[in-house]
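Summary of structural features
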Amino acid sequence: MTNYNVGLYFTDEYYEYNFGNTHPLRPLRLELTYSLIKKLGLLENKLLHVFKPRHCTEEELTRVHSPNYVQVIQKLSVDPNDTSVRPYSYGLGPGDNPIFKGMYESSTLICGASLQAAEKVFLDEEYPITFNPAGGLHHAMRNHASGFCIFNDIGVAIAHLKTLKEDIKIAYLDIDCHHGDGVQWMFYDDPNVLTISYHEDGRYLFPGTGTIEETGKNSGAGFSINFPLQRWTTDKIFLNLFRGTFPKILETYQPDILISQLGVDTHHLDPLTQMGLSLSVYPDIAQTIKTTAKEYAYNRWLALGGGGYLMSVVPRAWALFLAKMLDVELENKLPEEWYQEFKNKVPFEKAPFYLWDRADEIQRKMLADPEIAQKMVEHRNTLIKICEEKYIPAIISHR
Ligand SMILES: [Zn+2]
């Protein structure tokens, strides 16, 4: 048993970050997550403390976003039909990032939560782990919205940490199925922010970046690391690659803090992606992150949410992550009350029976085609080799 506290930043005001009922990033994901955490009894855990976040200020926002873009969001937030701005040139409009009333306030609340959670982990030894499931908006750029992300809460949190300690070294881990492009580009020339992203190969998936050639520039050369993965990568292959690379990278870099984006759109049933992970692998990933942060990042782990577009998957996945943070072993069953709530609120998806699933179907398919299975093993081995022969030596030589 650990004696450390875990901070959870949560408020139902998060649900106001809402692109509409037919958009994949529904607030319902967070509502059902909180409800499941509660019904699993995790809120009663003595080590868990729930904090209500504050909004970030305009000054905190403009450390990573242009004042012009911030002003555009402020204007549209008051009047979505404001004709004095051209929303399209800022990535806004029908499609991925629809304009909605109150978008400024709902976005600054998420940024404020990640910023506060970062500060808590960095300054308060009693809270080595904090979790903001609403955060992880990793696609937002300095001057425009992208991929359901208006403001980049991760960038805001990183910029805030830099005000707390000038030469702070931050490792950013992104396991979302999509490349963590916004964070990578914001700190591409910064040797004090190491970005590491595991994602579905950009040739098949938005945003298209995240190749092994994107390694940073100027003094940031060597401090951007990417692992593009093949479609339908399985639990075994992913875990093996992750355990064979991530701890070594952190051991070499020795950051002051680890920030992780825990997107769960790598799940095999996710409607927007094509990966082969199951819920049964997330606790193993969580354990590796936790142990690695303890050993190589001064026991400081800021966990953020991210993608995941099945209402049946996101709550279960993040409950599993939180349970691991708290060192709680859960049984593979769902509270009856939550199951009923799910059936009422999500008539458009099949209700799950268990807390976690296994991706047997994917494993079977892979085994049925030895050629595909062989390619996947070879690709994993290649990535491990690139990490050992290119990524790690680059960190050492620029240290
Ligand atoms: Zn994603």
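Residues numbered from 1 in each chain as written. Predicted model: local features only at pLDDT ≥ 70, side-chain atom pairs only at ≥ 80, totals over all residues.

**Section: the overall build of the protein**
When helices and strands are tallied, the protein shows 12 helices and eight strands. Relative to the globule expectation of 21 Å for 399 residues, the C-alpha radius of gyration of the protein, 20 Å, shows essentially globular dimensions. Seen along its three principal axes, the alpha-carbon backbone of the protein occupies a region of about 60 × 55 × 45 Å. Buried residues in the protein amount to 51% of all 399 residues. (Helix = DSSP H or I, 4+ residues; strand = E, 2+ residues; numbered from the N terminus. Rg over C-alpha atoms; globule rule 2.2 N^0.38 Å. Buried ≥ 20, exposed ≤ 12 C-beta atoms within 10 Å, placed from the backbone.)

**Some words on the pairing of strand S8 (residues 301-304)**
Note on strand geometry: in a regular strand, side chains alternate between the two faces of the sheet. Where burial is concerned, the two faces of S8 agree: the one with Trp-301 and Ala-303 and the one with Leu-302 and Leu-304 are both buried. Here strand S7 (residues 257-261) runs beside S8; their pairing, made up of four bridges, is parallel. Bridge assignment links Ile-259 to a residue of S8, and that residue is Leu-302. For the crossover from S7 across helix H8 (residues 282-296) to S8, the handedness is right-handed. (Pairing = 2+ DSSP bridges. Right-handed = clockwise from strand over helix to strand, strands pointing away.)

**Some words on the packing of helix H7 (residues 235-253) against H8**
H8 packs onto H7 with a crossing angle of 15° between their chain directions and a minimal axis gap of 10 Å. As summarised for this structure, H7 and H8 are arranged roughly parallel, according to the angle between their axes. Note on packing geometry: the crossing formed by H7 with H8 is right-handed. Residues Leu-239, Phe-242, Arg-243, Phe-246, Pro-247, Leu-250 and Glu-251 of H7 touch H8, and the partners they reach there are Asp-284, Ile-285, Thr-288, Thr-292 and Tyr-296. Its residues placed into classes, the contact of H7 with H8 shows seven nonpolar, two polar and three charged. (Axes fitted to C-alpha atoms, helices over the stretch in contact; angles between N-to-C directions. Parallel < 35°, antiparallel > 145°, perpendicular 65-115°, else oblique. Left-handed = near helix turned anticlockwise from the far one by under 90°. Contact = placed C-beta atoms within 7 Å. Nonpolar A, V, L, I, M, F, W, Y, C, P; charged D, E, K, R; others polar.)

**Notes on the sheet that holds S7**
With respect to topology, eight strands assemble into an open sheet ordered S2-S1-S3-S8-S7-S4-S5-S6, the strand pairing being parallel. Pairing within the sheet leaves two strands with one partner each, and these edge strands are strand S2 (48-51) and strand S6 (224-229). The mean inter-strand angle of the sheet, taken between neighbouring strand axes irrespective of direction, is 15°. Relative to S2, strand S1 (residues 6-9) runs parallel, the two being bridged by four bridges. Across the sheet, the residue bridging to Tyr-9 is Phe-51, located in S2. Packing of H7 onto the sheet brings it into contact with strand S4 (170-174), strand S5 (193-200), S6 and S7, and relative to S5 it is tilted by some 170°.

**Side note on the environment of Asp-124**
Within the secondary structure, Asp-124 sits in the loop between helix H4 (103-123) and strand S3 (129-132). What makes Asp-124 partly exposed here is the crowd of 13 C-beta atoms within 10 Å. Sequence separation between Asp-124 and Arg-300 is 176 residues; the distance between their C-alpha atoms is 9.7 Å.

**A look at the pairing of S6**
Buried residues dominate S6, accounting for six of its six residues. Taking every second residue as pointing to the same face, both faces of S6 are buried, with Ser-224, Asn-226 and Pro-228 on one and Ile-225, Phe-227 and Leu-229 on the other. Across six bridges, S5 lies against S6 in parallel orientation. Among the inter-strand pairings, Ile-196 is bridged to a residue of S6, identified as Ile-225.

**Quick look at the nonpolar core**
Formed by 122 residues in total, the largest nonpolar core has its most connected members in Ala-171, Tyr-172, Leu-302, Phe-321 and Leu-322. Leave out the neighbours within four places in its chain, and Tyr-172 touches Ile-154, Val-183, Val-193, Leu-194, Thr-195, Ile-196 and Ile-259. (Core = buried A, V, L, I, M, F, W, Y, C linked by C-beta atoms within 7 Å.)

**Side note on the environment of Glu-105**
By the element assignment, Glu-105 lies in helix H4. As for Glu-105 and Ser-77, which are separated by 28 residues in sequence, their C-alpha atoms are 7.9 Å apart. Those residues within four positions of Glu-105 in sequence are excluded, and the remaining contacts are His-55 and Ser-77.

**Thoughts on the packing of H7 against helix H12 (residues 370-398)**
Relative to each other, H7 and H12 sit at 5°, their axes nearing to 10 Å. The angle between H7 and H12 falls in the class roughly parallel. Counted together, Ile-237, Asn-240, Leu-241, Gly-244, Thr-245, Lys-248, Ile-249, Thr-252 and Tyr-253 of H7 and Met-376, Arg-380, Leu-383, Ile-384, Cys-387, Tyr-391, Ile-392, Ile-395 and Ile-396 of H12 form the full contact between these two elements. Partitioned by chemical class, the residues of the contact of H7 with H12 number 12 nonpolar, four polar and two charged.

**With respect to the environment of Glu-349**
Its place among the elements puts Glu-349 in the loop between helix H10 (336-345) and helix H11 (360-368). Classification of Glu-349 as partly exposed rests on a count of 15 C-beta atoms within 10 Å. Separated by 37 residues in sequence, Glu-349 and Ser-312 have C-alpha atoms that sit 7.4 Å apart. If near-sequence neighbours (up to four positions away) are discounted, Glu-349 is found in contact with Leu-310, Met-311 and Ser-312.

**Looking at unusual backbone geometry**
In most cases, non-glycine residues show a negative phi, while peptide bonds are predominantly trans. Cis rather than trans, the peptide bond between Phe-206 and Pro-207 has omega equal to 0°. Note on placement: Pro-207 falls in the loop between S5 and S6. Its identity as a non-glycine residue notwithstanding, Asn-299 has a phi of 55°, on the positive side. Within the secondary structure, Asn-299 is located in the loop between H8 and S8.

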